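Geometric and topological summary
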Amino acid sequence: MTGRVLPYDVQGTGPHRALVLHNWFGDRSSFAPLREHLDGAAGSYAFLDCRGYGEAIDADGAYTMEEVAADALAVADDLGWDTFSVVGHSMGGKAAQLMLLDAPDRVRSIVGISPVSAAGFPLDDATWELFAGAAEQPGNRRAIIDNTTGGRYDDAWLSALVDRSLTRSSPTAFRAYLDSWSRTDFHERVRDNPAPVLLVVGAHDPALGAEAMEATWLRWYPNARLTVLPDAGHYAPEETPKAVADAIEAFLSA
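Please read these numbers as outputs of a predicted model, since none were measured by experiment.

As for the environment of Gly12
One can find Gly12 in the loop between strand S1 (8–11) and strand S2 (16–21). For the pair formed by Gly12 and Gly43, sequence separation is 31 residues and the distance between their alpha carbons is 5.7 Å. In contact with Gly12, other than residues within four places in its own chain, are Gly40, Gly43 and Ser44.

In structure tokens, the structure reads:
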């Protein structure tokens with residue numbers, strides 16, 4: 001698949017290069033709290049918008065993880081980056097693995113933040129309806145965010161995430177990505193992949209926390225390790241941004 005260079009910006013000038021892929025509910029602006037804690041002298045981080053999100057909200061496409069991976073590799077080409085790591089939050093973590101498969105000589109390592117595995121994320125019928133309905137129903141988005149952060153946040157915090165997701169993603173893309181990140185399964189292709197992997201999850205994430213990582217990523221990547229953040233749920237880059245930044249930087253500099 002041929003990718004397209006989508007809107008992106010680079011923070012930092014350091015030697016540790018990383019492409020950063022956002023989650024289902026947020027465009028690249030969702031990393032704003034995290035960015036305040038990154039050391040620009042140590043790393044160079046390229047934050048990009050997937051098609052249908054942020055500055056790429058009007059970009060048409062198939063809205064699949066394969067397309068996200070191809071577009072991200074096109075951004076790396078645009079930057080002239082021969083090798084780099086990939087940081088992926090939630091669905092971005094699934095796309096990161098396809099980048100590894102598509103360009104194994106270029107992707108040095110993966111940082112998955114509450115990342116969806118290569119097997120996807122099976123949903124029962126009721127949960128599927130909740131997630132699929134979130135494309136058009138703000139209340140569904142709110143319920144999902146509240147659940148995956150352990151029900152610990154007030155109305156203002158939840159409303160801010162819902163409002164951003166509504167204004168910075170297209171319903172068409174939002175709905176289409178769900179099929180790709182939740183229902184496609186390529187885990188046999190990543191089994192025993194030697195790439196270094198850091199998994200960063202929140203202790204209050206009931207969906208993609210430590211248990212989910214142990215059943216998937218940690219079985220398939222022999223050089224994967226897990227960090228659990230005690231004060232975060234599914235949205236760690238916004239809940240505990242300094243802890244996430246510290247974990248990323250320690251891993252990339254090792």
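Let's talk about the pattern of salt bridges
Note on pairing: side chains with opposite charge can pair once their charged atoms come close. Counted according to the given criterion, the structure contains 15 salt bridges. Note that Arg28 is salt-bridged to Asp49, the shortest N-O span being 2.6 Å. Residue Arg28 is found in the loop between S2 and helix H1 (32–35), and its partner Asp49 is found in the loop between strand S3 (43–48) and helix H2 (65–79); the two are separated by 21 residues along the sequence. Arg28 gets classed as buried once you look at its relative accessible area, which sits at 10%. Notably, a salt bridge pairs Arg164 with Glu238, separated by 2.6 Å at the nearest N-O pair. Of the two residues, Arg164 is situated in helix H6 (residues 155–167) and Glu238 in helix H11 (residues 236–239); the sequence distance between them amounts to 74 residues. Each member of the pair, Arg164 as well as Glu238, is classed as buried. Through salt bridges that share partners, Asp9, Arg28, Arg35, Asp49 and Glu55 make up one connected network.

Points about the side chain of Glu239
Mapped onto the elements, Glu239 comes out in helix H11. Classification of Glu239 by relative accessible area gives buried; the value is 14%. Only 2.6 Å separates the side chain of Glu239 from the side chain of Tyr153, close enough to count as a polar contact. A distance of 3.4 Å separates a polar atom in the side chain of Glu239 from the backbone nitrogen of His234.

Observations concerning the nonpolar core
Judged by nonpolar contacts, the single largest core of 62 residues is most densely connected at Leu19, Trp24, Phe84, Met99, Tyr177 and Trp181. Top contributing element to this core by residue count: H2, with seven residues. Core analysis: the next-biggest nonpolar cluster, separate from the first, contains 21 residues, Leu198, Ala232, Ala245 and Leu252 among them.

The rules behind these values
- Position labels on residues start from 1 in each chain and follow its written sequence.
- Where totals are concerned, whole chains, interfaces and linings use all residues; where local detail is concerned, this predicted model gives features only for residues with pLDDT of at least 70, and gives and counts side-chain atom pairs only at 80 or more.
- With hydrogens and water excluded, all non-hydrogen atoms of the structure serve as input to the side-chain values.
- By definition, any uninterrupted DSSP run of H or I lasting at least four residues is a helix, any uninterrupted run of E lasting at least two residues is a strand, and each is numbered from the N terminus.
- Every residue pair with non-hydrogen atoms within 4.5 Å of one another is taken to be in contact.
- Whenever a carboxyl oxygen of Asp or Glu lies within 4 Å of a side-chain nitrogen of Lys or Arg, that contact is scored as a salt bridge.
- Note on classification: 1.4 Å probe, protein chains only; a residue is buried when its accessible area is under 20% of the maximum for its type, exposed when over 50%, partly exposed between these limits.
- Under this definition, polar contacts are N or O atom pairs within 3.5 Å; protein pairs additionally need one hydrogen-donor-capable and one acceptor-capable atom, and for neighbouring residues in sequence, both atoms have to be side-chain atoms.
- Definition of nonpolar core: a set of buried residues of the types Ala, Val, Leu, Ile, Met, Phe, Trp, Tyr and Cys, connected through side-chain atoms within 4.5 Å.

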